[in-house]
Amino acid sequence: MEPAAEPDEELLTLLDDENVRTILVETREESQSVEALSNCCGADDSTVYRLVDRLQDRNLLIAHQELDPDGHHYKTYSARLERVEIKFTNSGVEIDVDRREPPSDRFTRLYEEFTG
């Protein structure tokens, strides 16, 4: 059995997946459902759910609860990833990830700065 990959290696492996990159691009400007992402990727829903879970575990994707006109709940997802920077140094590879601040967190931070 191989040793577990280092976090940076896990991130590089995750981002190497074409479907992951498609999900991140498609959710950058507007949140998308798994069904919509499946269509964009040309992959089945179970594959997209697995990738969405992995992206959420890495804090690169955030879920939103939606309500359709029939009263059913479903989730959509939006990218938190702003930028990934890979640096090659004498001590190895370093990866810096810039994440977007969710609107609710941004509002709270701004309110606290204004009132504090």
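Here, every reference points to the structure presented above.
These lines cover the structure that appears in this document, whether it is placed above or below. Note that the coordinates shown come from a computational prediction; the quantities given were computed from them, not determined experimentally.

As a further point, take helix α2 (residues 18-26). The periodicity of an α-helix, 3.6 residues per turn, causes residues three or four places apart in sequence to face the same way. All of the buried residues along α2 are Asn19, Val20, Ile23 and Leu24. Relative to the axis of α2, the buried residues are bounded by an arc of 140 degrees and lie together on one face. Of the residues in α2, the exposed ones pointing more than 90 degrees away from the buried face are Glu18 and Val25. You can read the cap of α2 off the contacts: a side-chain oxygen lies 2.7 Å from the backbone nitrogen of Asn19, and it is on Asp17.

Okay, the environment of Arg100 next. Inspection of the secondary structure puts Arg100 in the loop between β4 (92-99) and α5 (103-115). Given the relative accessible area of 22%, Arg100 is considered partly exposed. Distance in space between the C-alpha atoms of Arg100 and Arg83 is 9.0 Å, their sequence separation being 17 residues.

This brings us to the pairing of strand β2 (residues 73-79). With seven bridges connecting them, strand β1 (residues 61-67) and β2 associate as antiparallel partners. Counted as the bridge partner of Glu66 is Tyr74 from β2. Linking β1 to β2, which pair antiparallel, is a turn of five residues; within it Gly71 sits at a positive phi near 90 degrees.

Following both chains from N to C, one finds helix α3 (residues 34-41) and helix α4 (residues 45-57) inclined at 105 degrees, their axes separated by 9 Å at the closest point. By the angle between their directions, the pair α3 and α4 is classed as roughly perpendicular. Every residue of α4 that contacts α3 at Val34, Glu35, Leu37 and Ser38 is listed here: Asp45, Val48, Tyr49 and Val52. Partitioned by chemical class, the residues of the contact of α3 with α4 number five nonpolar, one polar and two charged.

Definitions and cut-offs
Residues numbered from 1 in each chain as written. Predicted model: local features only at pLDDT ≥ 70, side-chain atom pairs only at ≥ 80, totals over all residues. Heavy atoms only, no water. Buried < 20%, exposed > 50% of the residue type's maximum accessible area, 1.4 Å probe, protein only. Helix = DSSP H or I, 4+ residues; strand = E, 2+ residues; numbered from the N terminus. Arc of directions from axis to C-beta. Polar contact = N/O pair within 3.5 Å; in protein donor to acceptor, adjacent residues only side chain to side chain. Pairing = 2+ DSSP bridges. Axes fitted to C-alpha atoms, helices over the stretch in contact; angles between N-to-C directions. Parallel < 35°, antiparallel > 145°, perpendicular 65-115°, else oblique. Contact = heavy atoms within 4.5 Å. Nonpolar A, V, L, I, M, F, W, Y, C, P; charged D, E, K, R; others polar.

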